[in-house]
Amino acid sequence: MTSSVENIEQALYAKREKVFPRQVHGLFARLRLLGVTVLMGIYYGLPWVNLGDRQAVWFDLPARKFYIFGLTFWPQDFIYLASLLIIAALALFFFTALAGRLWCGYACPQTVWTEVFLWIERKVEGNRARQMKLDKSPWNTRKLLIRGTKHFIWIALSLWTGYTFVGYFTPIRELGHSVLTLSTGPWETFWLIFYGFATYGNAGWLREQVCIYMCPYARFQSAMFDKETLIISYDVDRGEPRGSRKRSIDPKSAGLGDCIDCTLCVQVCPTAIDIRNGLQYECIGCSACIDACDEVMDKMEYSRGLVRYTTENALEGKPTKVLRPRVLIYGTILIGLLGAVGYSIASRVPIGLDVIRDRNSLYREAADGLVENVYTLKLINMDDHDHRYRVSASGLKDLALKLDHESIEVPAGQVREFSARLQIDPVDLKKASNEVFFELEAIDNVALKVREPARFLGPIGSR
Amino acid sequence: MSREHSPKRQRLVAVSWPSFLVSGVATVLVFVVFDPLPLLAKTDLAKPSRIGAYSIGFFWFWLITAASSWLTCYFQSPPSDLNRPRATRE
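Fair warning: this is a prediction, and the values are worked out from it, not measured in the lab.

Rules and cut-offs
- Residues numbered from 1 in each chain as written.
- Chains lettered and ligands numbered in written order.
- Predicted model: local features only at pLDDT ≥ 70, side-chain atom pairs only at ≥ 80, totals over all residues.
- Heavy atoms only, no water.
- Helix = DSSP H or I, 4+ residues; strand = E, 2+ residues; numbered from the N terminus.
- Expected span 1.5 Å × (residues − 1).
- Buried < 20%, exposed > 50% of the residue type's maximum accessible area, 1.4 Å probe, protein only.
- Contact = heavy atoms within 4.5 Å.
- Pairing = 2+ DSSP bridges.
- Axes fitted to C-alpha atoms, helices over the stretch in contact; angles between N-to-C directions.
- Core = buried A, V, L, I, M, F, W, Y, C linked by side-chain atoms within 4.5 Å.
- pLDDT = per-residue confidence, 0-100.
- Patch = residues over 30% accessible without salt bridge, like charges linked within 9 Å, V, L, I, M, F, W, Y side chains within 5 Å.
- Areas by Shrake-Rupley, 256 points an atom, 1.4 Å probe, with all protein chains shown as cover.
- Salt bridge = Lys/Arg side-chain N within 4 Å of Asp/Glu carboxyl O.
- Buried area = accessible area lost by both parts, 1.4 Å probe.
- Polar contact = N/O pair within 3.5 Å; in protein donor to acceptor, adjacent residues only side chain to side chain.
- Nonpolar A, V, L, I, M, F, W, Y, C, P; charged D, E, K, R; others polar.

Another aspect to go through is helix H3 (residues 78-99) of chain A. Residues and elements named next belong to chain A. Look at H3: 32 Å from first C-alpha to last across 22 residues, which is about the 32 Å you get at 1.5 Å a residue. Along H3, the residues classified as buried are Tyr80, Ser83, Ile87, Leu90, Ala91, Phe94, Thr96, Ala97, Leu98 and Ala99. Residues of H3 that are buried make contact with strand S5 (71-73), helix H4 (102-107), helix H11 (216-220), strand S7 (307-310) and helix H16 (325-346). Looking one or two residues past H3, Gly100 carries a phi angle of roughly 65°, positive in sign.

Right under this line is the structure:
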């Protein structure tokens, strides 16, 4: 008992061996390269795209507005952010149930930046063997120079990453100017350095440890697997017994399986696991081992796929069906939600109207014996253009609306408050509290229209 | 530089990392609903810019959530660790 606990403790606190993943070539490596290029291109390029006279994607936190191309989102649009998060979570369920950790292997920023940092490391230090040799060699001028160059490029890229990150919140061209003149604000400076430091630390130093120890998703992802999930697996029946052999030898006659025990699958693994030991939680599903093994199988003139994407059922020789109800249901809900959010954004009316009743008095009597209620109307123009609006009221017979101005002009992205009075002859009031509606309509565009309910209070049981 | 994972260092990460994640979420949720400027205007506190208020809010949440994480860690260790029987007087 005690010794097993000690063993676990030792495993938990084991010294981390630095992993030197070997470079791979093949289908999945090309897919990941595509993913890295596209995602990095979007991340670093997007803030530089302008639309009209402003940055196309700009999260203007100080003004509490998010600009995403032609759309402007306000805190009132939080529902879209919430839906986006729900869609993201559902997409994660869908893709995990379908083919395991696709997100981790191809799209996670941790993977993507690590891939870039590994590429730099390879350019500076050479291939895996040279990197390991350099790591073991004592510190001298050459090592210092090579390591220094690597860290210099890493830090430069990290700072550029931090700069780009802040560029989503402060217009990036203006930010560039203030960086060059060393006049960035305190928080801009802080976040630039903080994000840069996080990139450098995560992609340069921590790497697979982020996935193994820090990632919440990695902890539970295998709970979403079932026997029909496509996971990267080693075909034990085909591979074992493993062993080295000459290419000319027929493995069957030598009593060997197809695995030549070259350990390339272990060398390419960014988390340094042996896929031949079965599914392990460290596996981020990057498919590097598939590429490596396929290359070896080609050289040996064996068929590919000793390590491949396959399901647990298929490995056990049972019939397998990847498009099963679970995947179809996730997919249907996902498409339905995407459609609903897309429709809702497309048909979103960029006006906000808040009606606030005057809290000081329930009602008051105006001239001619009319009952009057006073309201403050808060009009938000969430559109990119200035508009002039007309206000009307309805809900009660002979309800009269008194405004200080005939119409009200609200510049793009601004909020205006104004007071409105509703008057009615108490004879027309049936109840003490009545529902009325304020309607707001843009004069230049009748499609821009909202209707907001309010309460109208009068004397109880009047006449 | 040692890459040893000492229990102390692990505990530090176990406290600071989850609280970092949660305070990030909390910051977004809270500031979507509440605009810090009108709230601060009614207090005697300093009046930073919105970005400043968001940042301070984030670190404030981090402090609170880290305190909670730390307490969890603290209560996890068995009471006998801290309450060793006193050595009898010779």
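For the rest of this paragraph, the subject is the sheet that holds strand S4 (residues 65-68) of chain A. Residues and elements named next belong to chain A. One open sheet holds the three strands; their spatial order is S3-S4-S5, and the pairing between them is antiparallel. In this open sheet, the two strands that pair with only one neighbour each are strand S3 (57-60) and S5. Across the sheet, the axes of successive neighbouring strands diverge by a mean angle of 15°, strand direction being ignored. Two elements, S4 and S5, share three bridges in a ladder whose sense is antiparallel. What sits directly across from Tyr67, in S5, is Thr72.

All names here are of chain A. One open sheet holds the four strands; their spatial order is S13-S11-S15-S16, and the pairing between them is antiparallel. Since the sheet does not close on itself, it has two edges, and those belong to strand S13 (408-410) and strand S16 (449-457), each with one partner. Each strand axis lies, on average, 35° off the axis of its neighbour in the sheet, ignoring direction. Across nine bridges, the pairing between strand S15 (residues 433-442) and S16 is antiparallel. Considered in S16, the bridge of Glu441 is made with Lys449.

What follows deals with the nonpolar core. Residue and element names in this part refer to chain A. The biggest cluster of nonpolar side chains holds 25 residues, and the ones touching the most others in it are Phe438 and Phe456. Within the residue set of this core, elements represented by two or more residues are strand S8 (351-357), strand S10 (371-381), strand S11 (387-394), S13, strand S14 (415-424), S15 and S16. Listed in part, the 17 residues of the second largest apolar core include Ile260, Cys265, Ile290 and Tyr302.

Attention now goes to the environment of Gln23 of chain A. All names here are of chain A. In this fold, Gln23 is placed in the loop between helix H1 (2-12) and helix H2 (27-45). Here Gln23 falls in the partly exposed class, since its relative accessible area comes to 40%. Spatially, the C-alpha atoms of Gln23 and Gln414 are 54 Å apart, while their sequence positions differ by 391 residues. With near-sequence residues (within four places) excluded, Gln23 lies in contact with Arg122 and Val268.

So, on to the confidence of the model for chain A. Across chain A, pLDDT averages 88, with 96% of residues at or above 70. Per-residue pLDDT, averaged within each element of chain A, yields its smallest value for H1 of chain A (50) and its largest for helix H7 (residues 141-167) of chain A (95).

All right, on to a nonpolar patch on the surface then. A surface patch of nonpolar side chains, about 520 Å² in accessible area, is lined by Leu27, Leu31, Leu34, Val38, Leu39 and Ile42 of chain A. Inspection of the secondary structure puts Val38 of chain A in helix H2.

As a further point, take the interface of chain B and chain A. It is common to report an interface's size as the accessible area lost on association of the parts. With 24 residues of chain B in contact, the opposing surface of chain A contributes 22 residues. Regarding the contact of chain B and chain A, the summed buried area is about 2,100 Å², with carbon and sulfur atoms giving 67% of it. The tally of links from chain B across to chain A stands at one salt bridge. A salt bridge links Arg64 of chain A to Asp35 of chain B, with the shortest nitrogen-to-oxygen separation between them at 3.9 Å. The interface formed by chain B and chain A holds seven residue pairs in polar contact (both at pLDDT 80 or more) in total. At the level of elements, helix H1 (7-33) and helix H3 (50-76) of chain B are the ones that each hand at least two residues to the side of chain B that touches chain A. At 10 residues, H1 of chain B tops the list of elements feeding residues into the side of chain B that touches chain A. Each residue belonging to the side of chain B that touches chain A can be placed in one class, and the counts come to 16 nonpolar, four polar and four charged.

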